[in-house]
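Examining the three-dimensional arrangement
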Amino acid sequence: MERTKIVHKYLFIAVKPEYANKLISGQKDIELRKMRPHIQPGDYVIIYASAPVKSVIGFGKVKNIIECTPNEMWAKYSLRLGIMQQDFESYYVNHKKSIGIEFEIIKPITPIGLEELKKVDSKFHPPQIYRYVTNEEITIALSQRIK
């Protein structure tokens, strides 16, 4: 019988530096989103700290995708979100659904700057929300940077 190889997705997300650093330091383990990415437990997330940092600073393995109302998200997970309630409420104003990417594990890496990423893929641009990475060179570059 032929073995089926499980292929994990790599989701590249841009995160404000304040929140990206909280993910890397363990002060938060749930990343908030307004739209649900097409990932599942076991997939990987590449964490890009947006301007002014403009670098990949780590990656994580997805434990779970949480979907609920913003009120339920805050009530159940506020201590794991790394965000003040006022900022949380502003982020989800006029939204009926909140998405949380819960991480099983998060690993820091030696930062990979935007210019270095463009050397690997000259057409690379950081995502506004997220994008899926299939370029093997980028994932290889990340795996060589684990701290």
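So, here's what we can say about the structure.

Rules and cut-offs
Residues numbered from 1 in each chain as written. Predicted model: local features only at pLDDT ≥ 70, side-chain atom pairs only at ≥ 80, totals over all residues. Heavy atoms only, no water. Helix = DSSP H or I, 4+ residues; strand = E, 2+ residues; numbered from the N terminus. Buried < 20%, exposed > 50% of the residue type's maximum accessible area, 1.4 Å probe, protein only. Areas by Shrake-Rupley, 256 points an atom, 1.4 Å probe, with all protein chains shown as cover. Arc of directions from axis to C-beta. Contact = heavy atoms within 4.5 Å. Salt bridge = Lys/Arg side-chain N within 4 Å of Asp/Glu carboxyl O. Core = buried A, V, L, I, M, F, W, Y, C linked by side-chain atoms within 4.5 Å.

**Overview of the overall build of the chain**
Within the chain one finds five helices and six strands. What you see in the chain, going N to C, is helices and strands ordered as β-α-β-β-β-α-α-β-α-β-α. Buried residues in the chain amount to 42% of all 147 residues. About 9000 Å² of surface is accessible on the chain, with carbon and sulfur atoms providing 51% of the total.

**Describing helix H1 (residues 17-25)**
Taken together, the buried positions of H1 are Pro17, Tyr19, Ala20 and Leu23. All buried residues of H1 fall inside an arc of 165° around its axis, so they share one side. Of the surrounding secondary structure, the elements contacted by the buried residues of H1 are strand E1 (10-15), strand E2 (30-33), strand E3 (44-49), strand E4 (55-68), helix H3 (85-91) and strand E5 (98-113). Glycine 26, located one to two residues past H1, shows a positive phi value of around 90°.

**With respect to the pattern of salt bridges**
Tallied over the full model, the rule gives seven salt bridges. Ionic pairing is found between aspartate 29 and arginine 80, a salt bridge with its closest N-O pair at 2.9 Å. Pair noted here: aspartate 29 is in the loop between H1 and E2 and arginine 80 is in helix H2 (residues 70-81), with a separation of 51 residues, a long-range link. Given a relative accessible area of 23%, aspartate 29 falls into the partly exposed group.

**Focus: the nonpolar core**
Core analysis: the biggest nonpolar cluster contains 28 residues, and Val45, Ile47, Met73, Leu81, Phe88 and Ile101 have the highest contact counts within it. Of all the secondary-structure elements, those providing two or more residues to this core are E1, H1, E2, E3, E4, H2 and E5. Element by element, the count of residues in this core is highest for E4, at five residues. Counting eleven residues, the second-largest nonpolar core is a separate cluster that includes Phe12, Ala14, Ile109 and Leu117.

**Thoughts on the environment of isoleucine 112**
Along the polypeptide, isoleucine 112 turns up in strand E5. Taking the C-alpha atoms as reference points, isoleucine 112 and valine 56, separated by 56 residues in sequence, lie 5.1 Å from one another.

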